[in-house]
Amino acid sequence: MKTNKILTTRFIVQTGVMAAVVCVVTFFRFPILGSKVHFANTMCLLAGLLFGPLSGGLAAGLGSFLYDALFGGYDVIQCLITFVSKFIMAWLCAKIAYSGGANADNKAKTIAASVIGALSYVALYMLKTFIYQKFVYVLALDAVGAVMLAKLPASLINAVVAMIAAPILFFLLSPAIKKLKAKESL
């Protein structure tokens, strides 16, 4: 009788290692067009593509949470919001990439999954910005709009970078991951 355990050693290790990668990659930022671009969103999408919705989502959420909590100077509520939004981004990307029982080898589906995952994060980030500006900082609606408009270009630049880089990295790394999984099943 075969048991289907979720918390296998492989699941825990791959989730933890990818969470560490997400956290570390968040440190590396470079300026472009008056904004800062980073590859954290790329790694979050990659986590979903490589490891599926649950492990990838947890890795994206935990890695981003750890960065915000330990190095970002954010309060617990904002760290939890980051966890949820990054989890959703990777989870949604993986759900689309693996829909229909397929693996994520379909290039068009993988690209579409990355685009939708990245744009979902932009939408969630804009929603968080709206809620914080309107209800926490109690700004007038026109000021809230100005803040959101100021944050949108950086979010979109990061999303475009993630949409391009995550599928490329996935197709470069997935053969090695498949080999490891094949050896593990022997």
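J.: Is there a simple way to explain the packing of aromatic side chains in this structure?
T.: Here a ring pair, both rings aromatic, is described through the centre-centre distance and the interplanar angle of the planes. Counted by the stated rule, this structure contains nine aromatic pairs. The interplanar angle of 25 degrees and the centroid separation of 6.1 Å between the aromatic rings of Y121 and Y125 together place this pair among those described as stacked. Linking Y121 with Y125, this pair stays in helix α4 (residues 107–136), spanning four residues, or about one helical turn. An aromatic cluster is present here, built from F27, Y67 and F71 joined pairwise through their rings. Its guanidinium or amino end placed over the ring of F171, K107 lies 5.7 Å from that ring's centre, counting from NZ or CZ.

J.: For this particular structure, what's the right way to read the environment of S114?
T.: Summarising the element assignment, S114 is placed in helix α4. Owing to a relative accessible area of 0%, S114 belongs among the buried residues under this scheme. Residues S114 and L173 lie 59 residues apart in sequence; the distance between their C-alpha atoms is 16 Å. Setting aside chain neighbours within four positions, we find S114 in contact with L45, L49, C93, M163, A166 and P167.

The rules behind these values
- Residues numbered from 1 in each chain as written.
- Predicted model: local features only at pLDDT ≥ 70, side-chain atom pairs only at ≥ 80, totals over all residues.
- Heavy atoms only, no water.
- Phe/Tyr/Trp six-rings, centres within 6.5 Å; stacked < 30°, edge-to-face > 60°.
- Helix = DSSP H or I, 4+ residues; strand = E, 2+ residues; numbered from the N terminus.
- Lys NZ or Arg CZ within 6 Å of the ring centre and 35° of its normal.
- Buried < 20%, exposed > 50% of the residue type's maximum accessible area, 1.4 Å probe, protein only.
- Contact = heavy atoms within 4.5 Å.

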